[in-house]
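If you want the building blocks of each chain, they are given just below.
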Amino acid sequence: MQEVVQLTLHEERMIQLKKQFMAVVIALLVCLGYTGAMVPATAFAAEATIGYVDLNTVFSHHPDFASARAALNLEQQKAQQEFREKAPSLDDNGQNGPWTNTLTERIAKREQELFNPIREKILKAVSKVAKERGLSTVLTSSAVVDGGTDITKDVLKAVGGK
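Model, not experiment: these values are computed from the prediction.

S.K.: Please set out the overall build of the protein residue by residue, giving values where relevant.
M.R.: A tally of regular secondary structure across the protein gives six helices and three strands. Helices (α) and strands (β) of the protein occur, in sequence order from the N terminus, as α-α-β-α-α-α-β-β-α. Within the protein, the fraction of its 162 residues that count as buried is 17%. Put simply, 80% of the contacts in the protein that link residues at least 6 apart link residues at least 24 apart.

Okay, structure coming up:
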């Protein structure tokens with residue numbers, strides 16, 4: 001019986017602590033909201049400089065893109081040839097167990113092997129250019145409606161693109 005009373009007292013204490021915590025959180029939010037209303041938006045804008053980059057353009061003009069694309073096309077052609085050779089042995093649903101998934105997985109793996117290094121180089125170049133230009137945030141160009149600094153040409157230069 002005594003354990004039940006202690007448990008109830010413990011629960012009451014936890015409820016009080018939760019109420020106190022929520023009161024502090026609400027007070028902080030009110031203070032921050034009031035402070036935000038008093039400070040001009042330009043003060044925040046000065047701290048957050050935003051740039052944008054057209055990643056599709058940079059990717060397609062990367063020096064390694066053409067060779068990676070050709071290698072992937074060759075892998076796809078090999079897979080298509082292999083499929084044509086094994087097509088007569090497929091069941092009525094056009095599948096032969098895990099074999100058809102293996103072709104798709106093989107192409108996906110090859111694509112990652114070829115294009116991930118290019119993606120990594122581009123992302124490093126974006127970070128480098130952003131740092132050089134003093135940008136705190138870089139978005140893809142498709143996410144920008146107005147404003148910001150276009151760093152696409154600088155990133156292209158950094159990766160050796162045409």
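Still more to cover.
S.K.: Lay out the nonpolar core in plain terms, naming residues and giving numbers.
M.R.: In this structure, Val53, Val58, Phe115, Ile118, Ile122, Ile151 and Val155 are the most contacted members of the largest nonpolar core, which totals 21 residues. Sorting the residues of this core by element identifies α3 (55-60), α4 (65-86), α5 (98-133) and α6 (152-159) as the ones contributing at least two each. Of all the elements, α5 adds the most residues to this core, at 10 residues.

S.K.: Pulling in residues and values, what's your account of the sheet that holds strand β1 (residues 50-53)?
M.R.: Strands sit in the order β2-β1-β3 across an open sheet of three strands; the sheet is parallel. Because the sheet does not close on itself, it has two edges, and the strands there are β2 (137-140) and β3 (149-150). Direction of pairing for β1 relative to β2: parallel, over a ladder of four bridges. Paired with Gly51 across the strands is Val138, a residue of β2.

S.K.: Describe α6, with residues and values.
M.R.: Those residues of α6 that sit buried are Thr152, Val155, Leu156 and Val159. Projected down its long axis, α6 carries its buried residues within an arc of 105°, all on one side. The exposed residues of α6 that point more than 90 degrees off its buried face are Lys153 and Lys157. Looking at the residues trailing α6, positive phi occurs at Gly160, about 80°.

S.K.: Which residues make up the pattern of salt bridges, and what values go with them?
M.R.: One pass over the full model with this rule turns up six salt bridges. Residue Lys128 pairs with Glu132 through a salt bridge whose shortest N-O separation is 3.9 Å. A residue pair is termed a helical-turn pair when its members lie 3 or 4 positions apart in one helix, as Lys128 and Glu132 do in helix α5 at four residues. Of the residues examined, Lys128 reaches a relative accessible area of 48% and is grouped as partly exposed. Exposure remark for Glu132: the relative accessible area of 59% places this residue in the exposed category. The structure contains a network of salt bridges with shared partners spanning Glu75, Glu82 and Arg106.

S.K.: Account for the packing of aromatic side chains, naming residues and giving values.
M.R.: Taken as a whole and judged by the stated rule, the model has three aromatic pairs. Where Phe59 meets Phe65, the ring centres are 5.5 Å apart and the plane angle is 70°; that geometry is what we call edge-to-face. The class of Phe59 is buried, set by a relative accessible area of 18%. Taking the relative accessible area as the measure of exposure, Phe65 reaches 22% and is therefore partly exposed. Their ring planes at 45° and their centres at 5.9 Å tell us that Phe65 and Phe115 sit as a pair that is tilted.

Reading the values: rules and limits
Residues numbered from 1 in each chain as written. Predicted model: local features only at pLDDT ≥ 70, side-chain atom pairs only at ≥ 80, totals over all residues. Heavy atoms only, no water. Helix = DSSP H or I, 4+ residues; strand = E, 2+ residues; numbered from the N terminus. Buried < 20%, exposed > 50% of the residue type's maximum accessible area, 1.4 Å probe, protein only. Contact = heavy atoms within 4.5 Å. Core = buried A, V, L, I, M, F, W, Y, C linked by side-chain atoms within 4.5 Å. Pairing = 2+ DSSP bridges. Arc of directions from axis to C-beta. Salt bridge = Lys/Arg side-chain N within 4 Å of Asp/Glu carboxyl O. Phe/Tyr/Trp six-rings, centres within 6.5 Å; stacked < 30°, edge-to-face > 60°.

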